[in-house]
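# An overview of the molecular structure
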Amino acid sequence: MNEFLSLKILDSFKKIFKLFGINYEVLRIILKTKLTLDLRRAPAINTNNRRKDEEQTSILKGYLLHLIFGVFLAFFIYFMKDEMIRMMYFSGAFFFMTTMYLISDFSFVLLDTKDKNILLTKPLDSRTVSLSKVLHILIYMFRLNAFIAGPSLAAMVMSNGPLVIPIFLFEILMIDLIIFLVTAFIYLLVLRFFDGELLRNIINVIQILLTIVVTVGYQIAVRMIDFTSLQDVKYIFNTTHYFNPILWFGAPFEIVFHGGESYLYVFTALIIIVPAASFAYYLALSKKMERLLLKLEGEGRERPAKHRIEKLVGFIINRNEVSKQAFHFSNAMFRSDRSLKLKIYPALSTGILLPVLMIFNMRMRGQQLEATGYEYLYLYFNLIMFPTIYYLVNYSSAWKGSYIFASSGFNNMENVYRGLMRSMACRFFIPLIILNGVIYTIIFRFRFTMDIITLLMAGIAIMPFIGKIYLSVPFSMPIDESNQKDTFGKFLLSLGIVGVLAVLHFFSHSVTMGTGIYLAVLLAVILTGWKFIPEKINSLPIWQKR
Amino acid sequence: MSEVLRLEHVSKSFGSKEVLKDINFSVNSGEIIGYIGSNGAGKSTTIKLILGLIDDYHGDVFVFGEKVRGQFEYKKRIGYVPEVSDMYDNLTAYEYLGFIGMLYGIKEEKAVAKGKEMMGVFGIDDAIYGRIHTFSKGMRQKLSIVTGMLHNPDILFLDEPLGGIDANSVLVFKEIMKNLKEEGKTIFYSSHILEVVEKLSDRILLINEGKIVIDGTMADVMSKQSDNSLESIFNDVTGFHDHEALARKFTDAFMN
């Protein structure tokens, strides 16, 4: 275990802890252990290319994305001249990012019941144990703060002088408190009325959203914001603003630098009163929270799952028993494997956004949104997402269950692939293309309808071929290792297939009835291609080693 | 009685470590074999090899008289309950039963109905719509037993099947074993709980450091031993006699 900066800082408050009768030495050891464990745990996002021996540098590496966001935010607010507007943007973004990160990376601390089993069975003061939990979360939040808000503080100092530092730091502390409390209250509410499974699902959805925001959000943000117009925005007060926390935080700056109206003092008071009051309320509730947390340990009983639509679709499109069952199996896996969802949905979202971004790009260059006639080609980015998804379905967090494919002597993989790919089409690919189709129809009216239908057909047509390139036994490899395999060759091959289709589509327009002919060809490819799905040997190399 | 399983000169290494060294034995139908040995002696490896989870080994394995390397048809008549109840545990028990049914060619309705009935025997049928990862250790193991036997196999490979299972269910399980034997099923039972092995098995196979060192009927093995317990035979064969000295050492460390 190496020394943590945060603990060294904490050491200087040693006397205060002792004053309150806290056993500081024990507290420090508990915290040190918890922080070391954090290092060894991969965060929900930014797990790419992480190797086990990189522990030492991983604190900084883990926060690289936060820092990028922080710098971006700092740039953004630097351009604004109105204190109220500036802090509104800052606190809005800060609230959002910190809450998302807290929920996605740190929920396990808030919701941990295991550390109680370990710590409270030892002769430790329960106050020390609960304090260690709060401090653990605070250390995490302060680290986040440093990277997300640090650059903005620098920007503020540059435009207003060092006087902003104490105000800014105090406000950050108050926002942290609000975020922590809001998160705790939400959990409390969910646990009060539902069970732990739903809470885990909510956390999973937030993790997925965050990953999407981080991977594709910047690209949109950078393109859509017009920096020059931000300088002139002026804040206009309205009484409803009392209820909107993100508007409060500009007030102290406005008072200090420009002198103030009375409502600014109300805002300033709110900044102090609301966190303080809710913190008092939280302390009163924390016993209840502990009790509700026990729900997480209990068995989650799902209501007898209906999934009627899936069942019906499965019944209609699958003629044989095995592919129908494989279809249901794949659906159930995609529905319930949270780690897998965390990889698949962000990848899909890139597929949705790329064609749209391309159109926005043109707009940015000052062109009219007049269609040039070739925009349908951007939609082929949808098909480029296929290989990633195909690659991922070989992985699962429950991969150890895969021994059964070998031990059962099952030898009808062809139909399993058929069911699996139908499930992938229904869950991922067809909705992806339809969604993009809808967006295109909104922008370009019905100009590309034929092309969108053709693209849908092309997507279904290439599925068995991409499957032949990528699929091994589905859900049979550890999801944690899904970043490590070098599959560039396979990707190039898939890219080639998509490329050929795009070129054919392009040339089909220069022939009379070309699109019709192309559609007919695709239909023929679908009918034959889906008949010859690769029958692979049922081998599971990973089990040879165990 | 006919021979259903035979291993001939089977050896297996993981890297430079030789786990199985020239294993030879055969099993007849209707036998209950107690397969015992220390941790790391090669028990689970033997079973995985017979099931084709590992196919990179020397020697030959015959099941129902056929060499099994590269084959799969024979597995339809084999049931397997793995040591750690690994499953696609993010599925509900209901979904998992349907999936297992698919692999063994059983219709979903039948697989679920049959599975639910078998789960009911162990008192866990009301958890059928629950996700498996929310199950307790014992519930998982019970479900693992159910799914390993769903397809009416002729040979059962049970690798420590009773871990975490309550005493009443253990009683039921032992009766089930007896019934299955009467139905002519063969059971290959690997465990560290020697009392259970002693009560259930007709025949003992003891593996030590990758070699079969004892192979005989329960009566034969017992008669060669003065104090008549499988435990003392196990200690003898594995050359373990200093348990008292070791316990003393632990106690001393404990007291310091």
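Here the structure is a predicted model, which is why all the values come from computation and not from measurement.

Calculation criteria
Residues numbered from 1 in each chain as written. Chains lettered and ligands numbered in written order. Predicted model: local features only at pLDDT ≥ 70, side-chain atom pairs only at ≥ 80, totals over all residues. Helix = DSSP H or I, 4+ residues; strand = E, 2+ residues; numbered from the N terminus. Buried ≥ 20, exposed ≤ 12 C-beta atoms within 10 Å, placed from the backbone. Rg over C-alpha atoms; globule rule 2.2 N^0.38 Å. Contact = placed C-beta atoms within 7 Å. Pairing = 2+ DSSP bridges. Right-handed = clockwise from strand over helix to strand, strands pointing away. Axes fitted to C-alpha atoms, helices over the stretch in contact; angles between N-to-C directions. Core = buried A, V, L, I, M, F, W, Y, C linked by C-beta atoms within 7 Å. Parallel < 35°, antiparallel > 145°, perpendicular 65-115°, else oblique. Left-handed = near helix turned anticlockwise from the far one by under 90°. Nonpolar A, V, L, I, M, F, W, Y, C, P; charged D, E, K, R; others polar. Bend = angle between axes of the 7 residues up to and from the residue. Expected span 1.5 Å × (residues − 1). pLDDT = per-residue confidence, 0-100.

Moving on, we get to the overall build of chain A. Within chain A, the regular secondary structure consists of 24 helices and two strands. Taking all 546 residues of chain A together, 34% fall into the buried category.

Moving on, we come to the overall build of chain B. Secondary structure assignment for chain B yields nine helices and 10 strands. Taken over the C-alpha trace, chain B has a radius of gyration of 19 Å; the compact-globule value for 256 residues is 18 Å, and the two agree within 12%. Summarising its shape, the C-alpha atoms of chain B cover approximately 55 × 50 × 40 Å along the three principal directions. Counting the 256 residues in chain B, one finds 45% classified as buried. Pairs at least 24 apart in sequence give 66% of the contacts found in chain B among residues at least 6 apart.

Two faces belong to every sheet, and in a regular strand the side chains alternate between them. Residue and element names in this part refer to chain B. The element strand β7 (residues 155-159) is extensively covered by neighbouring structure, given that five of its five residues are classed as buried. Judged from the four bridges that link them, strand β6 (residues 78-81) and β7 form a sheet pairing that is parallel. In the sheet register, Tyr80 faces β7, and the bridge partner there is Phe157. Between the parallel elements β7 and strand β8 (residues 186-190), the chain passes through helix α5 (residues 167-182) in a crossover that is right-handed.

Moving on, we get to the sheet that holds strand β5 (residues 66-67) of chain B. To summarise the sheet geometry, strands pair through backbone hydrogen bonds and adopt either a parallel or an antiparallel arrangement. Residues and elements named next belong to chain B. Strand order in this open sheet of four strands is β2-β1-β4-β5, and the pairing throughout is antiparallel. Single-partner strands in this sheet number two, and they are β2 (17-28) and β5. Pairing of strand β1 (residues 3-14) with strand β4 (residues 58-63), which is carried by five bridges, proceeds in the antiparallel orientation. Within the sheet, the bridge partner assigned to Leu5 lies in β4 and is Val63. Set on the sheet, helix α1 (residues 43-50) makes contact with β1, β2 and β4; between it and β2 the angle comes to about 65 degrees.

Glancing now at the sheet that holds β7 of chain B. Residue and element names in this part refer to chain B. Strands sit in the order β6-β7-β8-β3-β9-β10 across an open sheet of six strands; the sheet is mixed. Strand pairing shows two members of the sheet lacking a second neighbour, β6 and β10 (211-217), which therefore form its edges. Direction aside, neighbouring strands of the sheet carry axes that sit 15 degrees apart on average. Sheet topology places strand β3 (residues 32-36) next to strand β9 (residues 203-208); four bridges connect them, and they run parallel. When the sheet's bridge partners are listed, Ile33 is paired in β9 with Arg203. Against the sheet, α1 engages β3, β7, β8 and β9, with an angle of about 145 degrees to β7. Sheet strands touched by helix α4 (residues 137-149): β6 and β7. Its angle to β6, the strand with the most contacts, is close to 170 degrees.

Ranked by size, the top nonpolar core spans 138 residues in total, and within it Ile462 of chain A together with Tyr96, Phe157, Phe188 and Tyr189 of chain B carry the most contacts. By residue number, the principal contributor to this core is helix α20 (residues 413-444) of chain A, which donates 11 residues. Among the nonpolar cores identified, the runner-up in size contains 44 residues, and Met87, Ala149, Ile172 and Ile271 of chain A belong to it.

It is worth spelling out the packing of helix α15 (residues 321-336) of chain A against α20 of chain A at this point. To characterise two packed helices, one gives the angle between the axes of the helices and the distance between these axes. Residue and element names in this part refer to chain A. Contact geometry for α15 and α20: axes closest at 7 Å, N-to-C directions at 45 degrees. Comparing their axes, α20 and α15 come out oblique. Between α15 and α20 the crossing geometry is right-handed. Residues Val322, Ser323, Lys324, Gln325, Ala326, Phe327, Ser330, Asn331 and Phe334 of α15 form the contact with α20, whose participating residues are Asn415, Val416, Arg418, Gly419, Leu420, Arg422, Ser423 and Arg427. For the contact of α15 with α20, the class distribution of residues is six nonpolar, seven polar and four charged.

Moving on, we come to α20 of chain A. Helix geometry: α20 of chain A is bent most strongly at Ala425 of chain A, by close to 45 degrees. Among the residues trailing α20 of chain A, Arg445 of chain A stands out with phi positive, at a value near 60 degrees.

How big an interface is tends to be stated in terms of accessible area lost as the parts join. With 32 residues of chain A at the interface, the matching set in chain B holds 35 residues. Residue assignment for the side of chain A that touches chain B shows that the elements contributing at least two residues are α15, α19 (403-407) and α24 (541-544) of chain A. Of the residues in the side of chain A that touches chain B, the class split is 14 nonpolar, 12 polar and six charged.

Residue and element names in this part refer to chain A. Under the 1.5 Å per step criterion, the end-to-end length of helix α13 (residues 262-293) is 44 Å for 32 residues, consistent within 8% with the ideal 46 Å. Along α13, the largest kink reaches about 50 degrees and is centred on Leu285. Of the residues making up α13, those classed as buried are Leu264, Phe267, Ile271 and Pro275. Buried residues in α13 make contact with α9 (164-193) and α12 (251-258).

This part is about the pairing of β3 of chain B. Burial analysis of β3 of chain B places five of its five residues in the buried class, the great majority of the element. Both faces of β3 of chain B are covered, namely the face carrying Ile32, Gly34 and Ile36 of chain B and the face carrying Ile33 and Tyr35 of chain B.

With that settled, the discussion passes to the environment of Pro431 of chain A. Residues and elements named next belong to chain A. Positionally, Pro431 belongs in helix α20. Using a count of 13 C-beta atoms within 10 Å as the deciding quantity, one classes Pro431 as partly exposed. Expressed as a C-alpha distance, the spacing of Pro431 and Ile352, which sit 79 residues apart in the sequence, is 9.9 Å.

Predicted confidence across chain A gives a mean pLDDT of 81, with 85% of residues reaching 70 or more. Confidence over residues 44-56 of chain A falls short of pLDDT 50; this stretch has 17 contacts with residues more than four positions distant or in other chains.

We now examine the confidence of the model for chain B. Chain-level statistics for chain B give a pLDDT mean of 89 and a share of 98% at 70 or above. Here the predicted complex scores 0.77 on pTM and 0.82 on ipTM.

All names here are of chain A. For the pair helix α6 (residues 83-110) and α12, the least separation of the axes is 8 Å and the interaxial angle reads 155 degrees. Judged by the inter-axis angle, α6 sits roughly antiparallel to α12. Crossing of α6 over α12 shows right-handed handedness. Facing Glu83, Met84 and Met87 of α6, the residues of α12 in contact are Phe253, Glu254 and Phe257. When the residues that make up the contact of α6 with α12 are grouped by side-chain class, the tally is four nonpolar, no polar and two charged.

Moving on, we come to the environment of Asp11 of chain A. All names here are of chain A. Examined against the element boundaries, Asp11 turns out to sit in helix α1 (residues 5-11). In this structure Asp11 comes out as exposed when scored by C-beta crowding, with 11 C-beta atoms within 10 Å. Along the sequence, Asp11 and Val26 sit 15 residues apart, while their C-alpha atoms lie 13 Å from each other.

Residue and element names in this part refer to chain A. Relative to the assigned elements, Leu65 resides in helix α5 (residues 64-78). Residue Leu65 is classed as partly exposed on the basis of its 17 C-beta neighbours within 10 Å. Sequence separation between Leu65 and Asn204 is 139 residues; the distance between their C-alpha atoms is 20 Å.

Further remarks concern unusual backbone geometry. All names here are of chain A. Positive phi outside glycine occurs at Arg445, with the angle close to 60 degrees. For Arg445, a count of 10 C-beta atoms within 10 Å translates into the label exposed. Not every positive phi belongs to a glycine, and Phe475 is a case in point at roughly 55 degrees. Turning to its location among the elements, Phe475 is positioned in the loop between α21 (449-470) and β2 (477-478). Here Phe475 falls in the buried class, since 25 other C-beta atoms lie within 10 Å of it.

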